[in-house]
Amino acid sequence: MSAPAASFLFVRTVLTRDWRFLAVTMASCMVAATVATFQFSVYNSFRAASAVVPRALAADYWVKASSVECFDFPAPFPEDYGPALARYLPEATMRRVVFGFAPWRSPTGRRGNVAVVGVEALGISPTGFVANRSDLARLDIAPGSTQPLASIGDTTLMLDHTVDVLPTYLGAPYVLVDLETARRLLRMDPASVAFLAVFLDQPTTTDFAARAARAAAHFPDVTITSAADFSQSSIAYWQNKTGAGLAIGLAAALALLLMILLLTNGVLRFIQRYYPDLLSLLGHGADNRDIARIVTGVATAIAVATLAGTALVTPLLVLVFRPILPWARFSPGDLLAPLLGVGLALLAASLAARRAIAGFGPDAVFRS
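Source: prediction; values computed, not measured.

Caption draft 1: Local environment of the overall build of the protein chain. Looking only at helices and strands, the protein chain has 12 helices and 11 strands in total. For 368 residues, the compact-globule estimate of 2.2 N^0.38 gives 21 Å, and the protein chain exceeds it by more than 25% at 29 Å. For the protein chain, the spread of C-alpha atoms along the principal axes amounts to about 90 × 55 × 30 Å. Going through the 368 residues of the protein chain one by one, you find that 46% of them count as buried. The long-range share in the protein chain, meaning contacts at least 24 apart out of those at least 6 apart in sequence, stands at 83%. For the protein chain, the accessible surface area stands at approximately 17,900 Å², while carbon and sulfur atoms represent 62% of it. A distance of 10 Å separates the average location of the 29 positive side-chain charges in the protein chain from that of its 25 negative side-chain charges.

Caption draft 2: Structural detail: the nonpolar core. Trp-62, Phe-71, Leu-85, Val-97, Val-117, Tyr-174 and Ile-224 are the most contacted members of the largest nonpolar core, which totals 58 residues. Per-element accounting of this core gives the leading share, 6 residues, to strand β10 (residues 195–200). Apart from residues no more than four positions distant in its own chain, Phe-71 is found in contact with Val-53, Pro-54, Trp-62, Val-97, Phe-99, Val-117, Phe-195, Phe-230 and Ser-234. Judged by nonpolar contacts, the second largest core, of 33 residues, contains Ala-33, Ala-255, Ile-260 and Ile-294.

Caption draft 3: Up close: unusual backbone geometry. In this structure, Asp-140 is a non-glycine residue whose phi angle is positive, near 60°. Among the secondary structure elements, Asp-140 is positioned in the loop between β5 (128–132) and β6 (149–152). One non-glycine residue, Arg-187, lies in the positive phi region at around 55°. Tracing the chain through its elements places Arg-187 in the loop between α5 (179–186) and β9 (192–193).

Caption draft 4: Focus on the packing of helix α2 (residues 19–49) against helix α8 (residues 244–273). Where α2 contacts α8, the two axes come as close as 8 Å, and the packing angle between them is 165°. With respect to each other, α2 and α8 are oriented roughly antiparallel. Crossing hand, α2 versus α8: left-handed. Here the contact of α2 with α8 is composed, by residue class, of 21 nonpolar, 6 polar and 2 charged.

Caption draft 5: Spotlight on the environment of Ser-226. Within the secondary structure, Ser-226 sits in strand β11 (residues 222–226). Residue class for Ser-226 comes out buried when judged on its relative accessible area of 15%. When the C-alpha positions of Ser-226 and Ala-212 are compared, they lie 9.5 Å apart, and in sequence the two are 14 residues distant. Aside from chain neighbours lying at most four places away, what touches Ser-226 is Asp-60, Tyr-61 and Phe-208.

Caption draft 6: Main features of the side chain of Gln-239. Tracing the chain through its elements places Gln-239 in helix α7 (residues 227–242). For Gln-239, a relative accessible area of 10% puts it in the buried group. Looking at Gln-239, its side chain comes within polar contact range of the side chain of Tyr-43, at 3.1 Å. The contact partners of Gln-239, leaving out residues within four places of it in the chain, are Tyr-43, Phe-46, Arg-47, Ala-244, Gly-245 and Leu-246.

Caption draft 7: Inspection of the packing of aromatic side chains at higher detail. For the coordinates displayed, the defined rule picks out 20 aromatic pairs. Between Trp-104 and Phe-129, the aromatic rings sit 5.6 Å apart at their centres with planes inclined by 85°, giving edge-to-face as the arrangement. With Trp-104 in strand β3 (residues 92–105) and Phe-129 in strand β5, this pair connects stretches of sequence that are 25 residues apart. Judged on exposure class, the residue Trp-104 and its partner Phe-129 are both buried. For the pair Tyr-169 and Trp-238, a centre-to-centre distance of 5.9 Å together with 85° between the ring planes defines the contact as edge-to-face. You can see Tyr-169 sitting in the loop between β7 (155–163) and β8 (174–178) and its partner Trp-238 sitting in helix α7, a full 69 residues away along the chain.

What counts as what
Residues numbered from 1 in each chain as written. Predicted model: local features only at pLDDT ≥ 70, side-chain atom pairs only at ≥ 80, totals over all residues. Heavy atoms only, no water. Helix = DSSP H or I, 4+ residues; strand = E, 2+ residues; numbered from the N terminus. Rg over C-alpha atoms; globule rule 2.2 N^0.38 Å. Buried < 20%, exposed > 50% of the residue type's maximum accessible area, 1.4 Å probe, protein only. Contact = heavy atoms within 4.5 Å. Areas by Shrake-Rupley, 256 points an atom, 1.4 Å probe, with all protein chains shown as cover. Lys, Arg positive; Asp, Glu negative; His and termini not counted. Charge placed at Lys NZ, Arg CZ, Asp CG, Glu CD. Core = buried A, V, L, I, M, F, W, Y, C linked by side-chain atoms within 4.5 Å. Axes fitted to C-alpha atoms, helices over the stretch in contact; angles between N-to-C directions. Parallel < 35°, antiparallel > 145°, perpendicular 65-115°, else oblique. Left-handed = near helix turned anticlockwise from the far one by under 90°. Nonpolar A, V, L, I, M, F, W, Y, C, P; charged D, E, K, R; others polar. Polar contact = N/O pair within 3.5 Å; in protein donor to acceptor, adjacent residues only side chain to side chain. Phe/Tyr/Trp six-rings, centres within 6.5 Å; stacked < 30°, edge-to-face > 60°.

Printed below as a string of structure tokens:
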């Protein structure tokens, strides 16, 4: 029997006959990896929810006041900037957008606040509003109710329909309304806007940076920014101002570190438990490379079980916490965290095992 085949047989024997010993390490690593992946999923969802309106409106570029960093805190400017800036983007269509917070009175009379987003030409009735499905409970609207009436400011509106693209962690849910309706609800200057959403009629604009620079030189009070940059600016604002995103990301990193320590410790415990057997293999002609194959095989088995368990449990965990975190979503990309952690854990376990295997010299075999 070849050396690799013998090493594989040893690993298989350990997995089948001593699975209870490895199950403890696998379970602990799986718990740590699941916590890390869940935190990483919440972190990604937090970032996505920080710029949810710009992404939902899907504009190619945005015109905003130069000092504005985040969609949720605009500085209104005259809508006359739209025609003036049109010469820099002649192939684009601009939609006026307003934003602000207003009092809310639910169909049952409960009061609160909502974040009103008014968009031009969105197809919403002047007497209607659109809400996110996950926010219906916060708005005190029963799911499935027929055309419920509610008040925003001093105006009674009817629920037009619901969407799933506006989840938020803000204390005030987003509601979409017609542009002029929003101006009336927010008591805004009828000639002012919070933003101009720019939609290209052509797929690409290759010289956007040069156009934006020329526009900034003529109109320093406003800035034309790409949708990606505007979303990133909103994300950075919420993450840096609140610290919540950084705290979630730190928790994920610490959970990954714990998983690395647990897997490394599990491999060292395996070497300690099977020390006499490994010495016996050396005495029967095996070498340190064969021992390394065995240790790597066991570490890989633990890592695979950890990844499989994490991939199965984390989506369920996100689903369980959906009532508390309605803006949290799980995506396959969230598994990058445990993949990275497992890779680092295997590297750490390999380095630790190499030092332990170095002690398996001829003198150790002779003493045994």
